[in-house]
Every structure is written in C-alpha cells, then in structure tokens.
Amino acid sequence: MMLMHGKDQPAKLHYMPYSFRVLSPGDYVLCAVTGTRIQLDDLRYWSIVRQEAYVDADASTVAEVKWRKEQGLPA
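Residues numbered from 1 in each chain as written. Predicted model: local features only at pLDDT ≥ 70, side-chain atom pairs only at ≥ 80, totals over all residues. Heavy atoms only, no water.

Asker: What is the right way to look at the nonpolar core in this model?
Answerer: Across soluble globular proteins, nonpolar side chains have a tendency to be buried as a group. In terms of nonpolar packing, the biggest core is built from 12 residues, these being Ala11, Leu13, Tyr15, Val29, Cys31, Ile38, Leu40, Leu43, Ala53, Tyr54, Ala59 and Ala63. Elements supplying a minimum of two residues to this core: β1 (12-16), β6 (52-54) and α1 (57-70). Every residue in contact with isoleucine 38, bar those within four places of it in the chain, is listed here: Asp27, Tyr28, Val29, Leu30, Cys31, Leu43, Ala53, Tyr54 and Val55. (Core = buried A, V, L, I, M, F, W, Y, C linked by side-chain atoms within 4.5 Å. Buried < 20%, exposed > 50% of the residue type's maximum accessible area, 1.4 Å probe, protein only. Helix = DSSP H or I, 4+ residues; strand = E, 2+ residues; numbered from the N terminus. Contact = heavy atoms within 4.5 Å.)

Written out as structure tokens, the structure is:
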C-alpha cells in the first residue's frame, strides 16, 4: 500500500505576518480554541506570537483575551 503524505493529516505550520510556511505536510490544522479542523485553504486567523490557528475571528478573540489575562495585560 502506498502512503499518501498530507492526505487527511494535520499540517505543522509556522505562522508569519500575512502568510504561513508549511513545516510538515498536511491538509488541515486544528483550532487552538475549539479543536475544529481547518483546511489550509480556509485558514484565515492565527497568532504569530502564540503560533496557533483559529477557526474564526471569535475564536481568535477568545484566545487573545485569555492570553492577555494570563500576561496581566488589559483585555
């Protein structure tokens, strides 16, 4: 049986401003807040600082508020 790299496998990404680099091939990442699968073509929200992906703006905001509280910063 032939192994299919990247098919139905999580990718490992490095998040940068406006883009990301694929470190390990895959076709999705998991939302750091909800655990939802995000296809790479649909990935629009991430944190460069925390190197996390988010399914939508709401999940991104939840993660940011939590992180700011943990850092002792104003939300």
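Asker: In this structure, what is going on with the pattern of salt bridges? I would like to understand it.
Answerer: Where charged atoms from two side chains of opposite charge approach closely, those side chains can pair. The final tally for this structure, using the stated rule, is five salt bridges. The salt bridge partner of arginine 68 is glutamate 64, with a shortest N-O separation of 3.8 Å. Within this pair, arginine 68 and its partner glutamate 64 are both found in helix α1, separated by four residues, close to a single helical turn. Judged by its relative accessible area of 23%, arginine 68 falls in the partly exposed class. Members of the salt-bridge network, linked through shared partners, are Arg50, Glu52, Glu64 and Arg68. (Salt bridge = Lys/Arg side-chain N within 4 Å of Asp/Glu carboxyl O.)

Asker: Could you clarify how one ought to interpret the pairing of β1 in this entry?
Answerer: For a regular strand, side-chain orientation follows a simple rule: the groups alternate between the two sheet faces. Only one face of β1 is covered, namely the one carrying Leu13 and Tyr15; the face carrying Lys12, His14 and Met16 has none of its residues buried. Pairing geometry for β1 and strand β2 (residues 19-24), over five bridges, is antiparallel. Across the sheet, the residue bridging to tyrosine 15 is phenylalanine 20, located in β2. The loop that links β1 with its antiparallel partner β2 comprises two residues; one of these, tyrosine 18, has a positive phi angle of about 70°. (Pairing = 2+ DSSP bridges.)

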